[in-house]
Amino acid sequence: MKGACLCGAVGFEVAPEVAAGITAAAACHCGQCRKQSGHVWASFNAPREALTITGSPRWYQSSAHARRGFCPGCGAFLFWEEAGNPEISVSAGALEAPTGLTLTRHIFTADKGDYYEIDDGVPQS
């Protein structure tokens, strides 16, 4: 699993032995993800120690317990990291294809935008 931002200045790779077991992606509908990404943000979780980040992402402390990583050049939103959590959420949209991922859940759906419906049959919380 390899990916990068739009301009290529920030990249990432999940260790192959870990990447083989990652198949689930989630779509976050919270207000912060919608504002930062421009719509719904899809991501997968990976153990922090299995993720290699190249380049120099900037980090924005978006709340008391989480920060968001993005490319300082093109602005691509790439990472969401909760303090104390051994996993980091990584942008599914920044992955090179084929991703091997399947959308398995929608989260924070009570905060979704009023301009769309979620009707794909994937579980919502």
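Heads up: the structure comes first, above all this text.
Below or above, wherever it landed, is the structure these notes cover. Positions within a chain are numbered from 1, following the residues in the order the chain's sequence is written. pLDDT decides what is reported in this predicted model: residues at 70 or higher carry local features, side-chain atom pairs at 80 or more are listed and counted, and totals for whole chains, interfaces and linings draw on all residues regardless. The basis for the side-chain values is all heavy atoms of the structure; hydrogens and waters are excluded.

Helix and strand definitions here come from DSSP, where helices need a minimum of 4 consecutive H or I residues and strands a minimum of 2 consecutive E residues; each element is numbered from the N-terminal end. Broken down by element type, the protein chain carries two helices and ten strands. Tracing the protein chain from N to C terminus, the helices and strands come up as β-β-α-β-α-β-β-β-β-β-β-β. Relative to the compact-globule value of 14 Å for 125 residues, the protein chain shows a C-alpha radius of gyration of 14 Å, a close match. Judged by the C-alpha coordinates and their principal axes, the protein chain covers about 35 × 30 × 30 Å. Going through the 125 residues of the protein chain one by one, you find that 38% of them count as buried. With residues, only the protein chains shown are counted as cover, and all accessible areas are computed by Shrake-Rupley using a 1.4 Å probe. Only carbon and sulfur atoms are counted for the fraction: they give 52% of the accessible area of the protein chain, which is about 6,800 Å². Only the C-alpha atoms count toward the radius of gyration. The rule for a globule is 2.2 Å times the residue count to the power 0.38. Whether a residue is buried, partly exposed or exposed follows from its accessible area with a 1.4 Å probe, protein chains only, as a fraction of its type maximum: under 20%, in between, or over 50%, in that order.

The subject of this paragraph is the nonpolar core. The biggest cluster of nonpolar side chains holds 19 residues, and the ones touching the most others in it are Phe12, Phe44 and Phe79. Where this core is concerned, the elements lending two or more residues are strand 2 (11–14), strand 4 (41–47), strand 8 (77–82) and strand 9 (87–91). We call a set of buried Ala, Val, Leu, Ile, Met, Phe, Trp, Tyr and Cys residues a nonpolar core when their side-chain atoms join them within 4.5 Å. Residues Cys28, Cys30, Trp41 and Ile107 belong to the second largest nonpolar core, which totals six residues.

Ordered in space as 1-2-5, the three strands form an open sheet in which the pairing is antiparallel. The sheet is open, and its two edges are formed by strand 1 (2–4) and strand 5 (51–54), each paired on a single side. Neighbour-to-neighbour, the strand axes of this sheet turn through a mean angle of 15°, independent of strand direction. Note on pairing: DSSP must find at least two bridges between two strands before they are called paired. By the bridge criterion, three bridges tie strand 1 to strand 2 in an arrangement that is antiparallel. Within strand 2, the residue paired with Lys2 across the bridge is Glu13. To obtain each axis, a line is fitted to C-alpha atoms, and for helices this fit is confined to the stretch in contact; angles are then taken between N-to-C directions over 0 to 180 degrees.

For side chains of opposite charge, pairing can occur when their charged atoms come near one another. Throughout this description, the term salt bridge denotes a Lys or Arg side-chain nitrogen within 4 Å of a carboxyl oxygen of Asp or Glu. Throughout the structure, instances matching the rule amount to two salt bridges. For Glu81, the salt bridge goes to Arg67, with nearest N and O atoms at 2.8 Å. Within this pair, whereas Glu81 is found in strand 8, its partner Arg67 is found in strand 7 (residues 66–70), the two being separated by 14 residues in sequence. Using a relative accessible area of 14% as the deciding quantity, one classes Glu81 as buried. We classify Arg67 as partly exposed; its relative accessible area is 28%. Overlapping salt bridges, with partners in common, bring together Arg48, Arg67 and Glu81 in one network.

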